[in-house]
Structures are given as structure tokens and as C-alpha cells.
Amino acid sequence: MAYNVTLIPGDGIGPEVAEAARRVINATGVEINWETVDAGEAVIEEYGTPLPNHVIESIKKNKIALKGPVTTPVGKGFRSVNVTLRQELNLYANVRPAKTYPGIKSRYNNIDLVIFRENTEDLYAGIEHKVGNDAAESIKIITRSASERIARYAFEYARREGRKKVTAVHKANIMKLSDGLFLESCRKVAEEYTDIEFEDVIVDAMCMRLVQDPENFDCLVLPNLYGDIVSDLCAGLVGGLGVAPGANIGEDAAVFEAVHGSAPQIAGQNKANPMALILSGALMLGHLGEVDASQKLIKAVTAVLEEGTALTGDLGGTAGTTGFADAIIEKLK
């Protein structure tokens, strides 16, 4: 069976890591028809936006996309392409595994957790305005439907993957109405999954406990803002954003992407580590039902890391983007 997949190379190092990921995914033997569409800074002059309509239409048509990093200016300019995609396509579940791999420097040995971040509301709804000249206000939106939906996704994933515990992360002790509703929703959904342990932890305590004993956690479910922060923290525990894959899942479409940014300072130098986007490709294969190919790809990445002879500079090696991908392809053979 052949799959039609939208490929968004992105900008900065995006095109390099996207090409590496495309080559590696092709080497698994899964037949994919790639439809390449451009987004990011390079298309603003032509289309007046970093996210032209034809990009969104391509994803709606193909249902699946693999996306390289796209630059987001800080404090000015266009809003995040990532946030816009999630809202336009209703990609409500941001799924980010954090796992220790051999050969990658970390203080920990046995981390294997998954973060489930609600992707459509909270402060990231982008509803904000100035209050006079000296103040600004952002509106935090939490709804029962969105909270129950992400909680159910986390529990279903845990049951399907044989995981034992789901932890809801919140600040309901202070934001009693908004975060209180999120926690109430998670507790309600948890009652339907008596085979899976459920707990809740206040977000600041969660950050401390993740640093102290991350091996004790399994699945974390969080509102949008906390999920963004905690998922980066978890990436740091296992070696950094360069090894952190991500998926954005909705009812009708899914976009798989590396968590890291576009790193324009090393663009075009064959230095970028493509591991995060390659592992995002493994998540994509699993989502397509190609579970054997997904596991085969993860094993090939692990083997290259264990061998340690084809690592990129950020992992302590001297190989380039293409060399790392070539080594994985050789393992797949």
C-alpha cells in the first residue's frame, strides 16, 4: 500500500533534516508518495504569509504531514506557523515521547515517558489585548470538552501501549476555575479506565519531581502552556531538543515534527542532527499502521547511537546530517 504524505521542509536547517528523514523513511520499505510544499520565511514575499493556503489544503487532502522546523520571530511579526496549523486543522493532541537512548549524554538511564499536551486552547488561543499603554491582558480558555478529549487520548494511548499510569499536571490550587475544570475533567475520564493508575500533581512540584526522579513517571497529560514547558524540560532530561520527536494529532489529520527550532546559524552546513525528525517519522509510520517499520526504524537509530561512529556534533561525534542518515539507512538494510 502506498501512502500520500505532505512534506514541509521548513526553513533554516529544516530542508536538510527533512531530506535526511525522507531518505531514512523510504529505506524502511514503506511506499510513500511525498507531496512537498513550502512554508516559512522564504515564502512570505511571494504569498504574504509564512503559511499559504495550499499548504493547509495539502494536509487536509493527504491527512498526514511530516514537517521540518519553521522560524517564529519573537515579540513581532507573524504568529507561529505551528500554532496556526494546530488550530486550523484542530490537531488537539500534542504527543511528545521522552526516552533515554544509549550513546546520548544524560544524567538518567531509564526514562520512558510520554507527554500529552492539549493543543488548541489555554493561553495559546492567542486572545490578548492592550489595557491602556502600560498593561496587556491574555485570556486563558479551558473547556470541558477539550480537557476530556486530551485526557481520553492519553488514557487510550496508555491502554493500547501497555502503560500503567497517567498523571494530570495542573495549577488548580491557584487557578481554581480554569485549571480546576481541567483537573475535574481528567478525574472524570480516569473513572472509565480503572485498569490504569491515575494521579494529579501541581505543575511546579511536577518540574521538581521530574528532575529528581523522572523514571517514576509514565504518561503526563497537561493543558497547553504547561505542556509546552514541561515537554521541553523532559527533552532536556534525555539529551535535548535534538533528540525529541513530536506529533500533533487530530480527528482528520496529523502532523509529525521535530520539536527543535530552525537553527539558521548552522543552516546549509551539513551539521544539523536529523534524529528528532527521523524519530518523528517513526511515530508517523506507527500512526499509519506500519508498526513493524516504525519499530525497525527505532532499532536502527538505537544501533547507530550505540555504535557511536556516525554521530553529529551535538551528540559528540563528527558526522554530518547526511552521514548520520546514511548510517541509519545501512542499519535498515
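For the structure itself, look to the data block above.
Because the structure is a prediction, the values reported are computed rather than measured. (Residues numbered from 1 in each chain as written. Predicted model: local features only at pLDDT ≥ 70, side-chain atom pairs only at ≥ 80, totals over all residues. Heavy atoms only, no water.)

Okay, the overall build of the protein chain next. For the protein chain, the helix and strand inventory stands at 11 helices and 12 strands. Relative to the 2.2 N^0.38 estimate, which gives 20 Å for 333 residues, the radius of gyration of the protein chain is 20 Å and therefore close to what a compact globule would have. Projected onto the principal axes, the alpha-carbon positions of the protein chain cover approximately 55 × 45 × 40 Å. Among the 333 residues that make up the protein chain, the fraction classed as buried is 53%. Considering only contacts in the protein chain between residues 6 or more positions apart, those separated by 24 or more positions represent 73%. When the accessible surface of the protein chain is summed, it comes to about 14,800 Å², and 48% of that surface belongs to carbon and sulfur atoms. Taken as two groups, the 34 positive and 45 negative side-chain charges of the protein chain have centres that lie 2 Å from each other. (Helix = DSSP H or I, 4+ residues; strand = E, 2+ residues; numbered from the N terminus. Rg over C-alpha atoms; globule rule 2.2 N^0.38 Å. Buried < 20%, exposed > 50% of the residue type's maximum accessible area, 1.4 Å probe, protein only. Contact = heavy atoms within 4.5 Å. Areas by Shrake-Rupley, 256 points an atom, 1.4 Å probe, with all protein chains shown as cover. Lys, Arg positive; Asp, Glu negative; His and termini not counted. Charge placed at Lys NZ, Arg CZ, Asp CG, Glu CD.)

With that settled, consider the pattern of salt bridges. Once their charged atoms are close, side chains differing in charge can pair, the charge on each being opposite to the other. The final tally for this structure, using the stated rule, is 22 salt bridges. The partner of Asp232 in a salt bridge is Arg96, with the nearest N and O atoms 3.0 Å apart. Here the residue Asp232 occupies a position in helix H8 (residues 224-237), and Arg96 occupies one in strand S4 (residues 93-99), the gap between them amounting to 136 residues. The exposure class of Asp232 is partly exposed, given its relative accessible area of 34%. According to the relative accessible area criterion, Arg96 is buried, its value standing at 6%. A salt bridge links Arg163 to Asp112; the nearest nitrogen and oxygen atoms lie 2.9 Å apart. Of this pair, Arg163 sits in the loop between helix H5 (144-161) and strand S8 (165-170) while Asp112 sits in strand S5 (residues 112-118), placing them 51 residues apart in sequence. Linked through salt bridges whose partners overlap, the residues forming this network are Lys67, Arg86 and Glu257. (Salt bridge = Lys/Arg side-chain N within 4 Å of Asp/Glu carboxyl O.)

With that settled, the discussion passes to the layout of surface pockets. Space inside the largest pocket adds up to approximately 780 Å³. Along the walls of the largest pocket sit 25 residues, with Tyr157, Glu161, Leu283, Gln295 and Ile298 positioned nearest its centre. Contributing elements (two or more residues each) for the lining of the largest pocket: S4, H5, strand S11 (245-249), helix H9 (275-287) and helix H10 (291-307). Ranked by residue count, the leading element in the lining of the largest pocket is H9, at 5 residues. Of the residues in the lining of the largest pocket, the class split is 16 nonpolar, 4 polar and 5 charged. (1 Å grid on protein atoms, 1.4 Å probe; cavity = no way out; pocket = protein on both sides within 12 Å on 5 of 7 lines; lining within 4 Å. Points joined across faces, edges and corners; volume = space filled by probe spheres on them. Nonpolar A, V, L, I, M, F, W, Y, C, P; charged D, E, K, R; others polar.)

The next point concerns the environment of Ile266. On the secondary structure map, Ile266 appears in the loop between strand S12 (254-258) and H9. Put simply, Ile266 and Ala325 are 59 residues apart on the chain and 17 Å apart in space, counted from C-alpha to C-alpha.

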